[in-house]
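Working through the structure, step by step
Given next are the chains, with one letter for each unit.
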Amino acid sequence: MPRKQPKLHDDPRPLAERGLPGGRRLASGRPARSVTVNQAESPLAWLHARGHLTDRQFDAGEKLRFDYESASLGPRVTMGWNPEPRGKGRRGPADHLEPGERQLAAKQRFDGALAALGGELSDIAWRVVCDGQSMGPAERGLGWPARSGKLVLRIALDRLATFYRLPG
């Protein structure tokens, strides 16, 4: 009897079983070999957890992803009920920006980061960090040889860390 897969919101580690690509299949149609994957883990977090990325490179990728997601948010159409004070005193927000201004600032940072990377480096960074593609599909999508994307991604993340002025 197949094991029931947890839903994304039920389990902090939602696991799913996937067949290996190009692998043979059993008579029942199920893959002969499969792997269990954590659906909540990003490709960037996967590389970092296995020691392929430094903390600085991971933080740079997370900053780019945060700017990408913040810049993509739509405008509010209702009243904002955020508890943050609007004053400019000690308890006010650090950036003193309205939500629309924050979105524009994130878009400018994101565009600046991709411009600092240049063509090929921005392609691999966007695919892995923002789009969430794993290394294999990202390399194939760019027409690169296997196992070349990780090195190029590390170079891109180093440049991003310099762009975001991360210590290290």
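Residues numbered from 1 in each chain as written. Predicted model: local features only at pLDDT ≥ 70, side-chain atom pairs only at ≥ 80, totals over all residues. Heavy atoms only, no water.

1. With respect to the overall build of the chain
Each helix and strand counted, the chain has six helices and two strands in total. In sequence order, the chain lays out its α and β elements as β-β-α-α-α-α-α-α. Restricting to contacts in the chain with at least 6 residues of sequence separation, those with at least 24 account for 51%. Accessible surface computed for the chain: about 11,800 Å², of which carbon and sulfur atoms make up 54%. (Helix = DSSP H or I, 4+ residues; strand = E, 2+ residues; numbered from the N terminus. Contact = heavy atoms within 4.5 Å. Areas by Shrake-Rupley, 256 points an atom, 1.4 Å probe, with all protein chains shown as cover.)

2. Here we look at the nonpolar core
One finds Leu64, Ile124, Leu153, Leu157 and Leu160 to be the most contacted residues of the largest nonpolar core, which totals 27 residues. Of all the secondary-structure elements, those providing two or more residues to this core are helix H1 (43-49), helix H2 (55-72), helix H3 (99-117), helix H4 (119-130), helix H5 (135-142) and helix H6 (149-163). Discounting residues that sit within four places of it in the chain, Leu157 has contacts with Leu44, Leu53, Gln57, Ala60, Gly61 and Val129. (Core = buried A, V, L, I, M, F, W, Y, C linked by side-chain atoms within 4.5 Å. Buried < 20%, exposed > 50% of the residue type's maximum accessible area, 1.4 Å probe, protein only.)

3. Structural notes on the side chain of Gln57
The topology assignment puts Gln57 in helix H2. Reaching out from Gln57, the side chain makes a polar contact with the backbone oxygen of Arg154 at a distance of 3.5 Å. Dropping the residues within four chain positions of it, Gln57 is found in contact with His52, Arg154, Leu157 and Asp158. (Polar contact = N/O pair within 3.5 Å; in protein donor to acceptor, adjacent residues only side chain to side chain.)

4. A closer look at H3
Spanning 19 residues, H3 covers 27 Å between terminal C-alpha atoms, matching the ideal 27 Å at 1.5 Å per step. Taken residue by residue, H3 has Ala106, Phe110, Ala113 and Leu117 as its buried positions. On an axial view of H3, the arc spanned by its buried residues comes to 65°, and they lie on one face. Residues of H3 that are exposed and point more than 90 degrees away from the buried face comprise Leu104, Gln108 and Ala115. Buried residues in H3 make contact with H2, H4 and H6. A positive phi of about 85° marks Gly118, the residue just after H3. (Expected span 1.5 Å × (residues − 1). Arc of directions from axis to C-beta.)

5. Concerning the environment of Asp111
Its location among the elements puts Asp111 in helix H3. Judged by relative accessible area, which is 34%, Asp111 ranks as partly exposed. When the C-alpha positions of Asp111 and Leu64 are compared, they lie 9.8 Å apart, and in sequence the two are 47 residues distant.

6. Overview of the packing of H2 against H3
Packing of H2 against H3 brings their axes to within 8 Å, and their N-to-C directions diverge by 135°. In terms of orientation, H2 lies oblique with respect to H3. Considering only the axes of H2 and H3, their crossing is left-handed. Contacts between H2 and H3 pair Leu64, Asp67, Tyr68, Ser70, Ala71 and Ser72 from the former with Gln103, Ala106, Lys107, Arg109, Phe110 and Ala113 from the latter. Of the residues contributing to the contact of H2 with H3, the split by class is six nonpolar, three polar and three charged. (Axes fitted to C-alpha atoms, helices over the stretch in contact; angles between N-to-C directions. Parallel < 35°, antiparallel > 145°, perpendicular 65-115°, else oblique. Left-handed = near helix turned anticlockwise from the far one by under 90°. Nonpolar A, V, L, I, M, F, W, Y, C, P; charged D, E, K, R; others polar.)

7. What about unusual backbone geometry?
In this structure, Arg147 takes a positive phi of about 70° despite not being glycine. Relative to the elements of secondary structure, Arg147 occurs in the loop between H5 and H6. A relative accessible area of 75% places Arg147 in the exposed class. The phi dihedral of Arg165 falls on the positive side, at around 55°, and the residue is not glycine. Along the chain, Arg165 turns up in the segment after H6.

8. What about the environment of Phe110?
Along the chain, Phe110 turns up in helix H3. Considered as a pair, Phe110 and Asp67 are 43 residues apart in the sequence and their alpha carbons are 5.6 Å apart. Leaving out residues up to four positions away in the same chain, Phe110 has contacts with Leu64, Asp67, Tyr68, Trp126 and Cys130.

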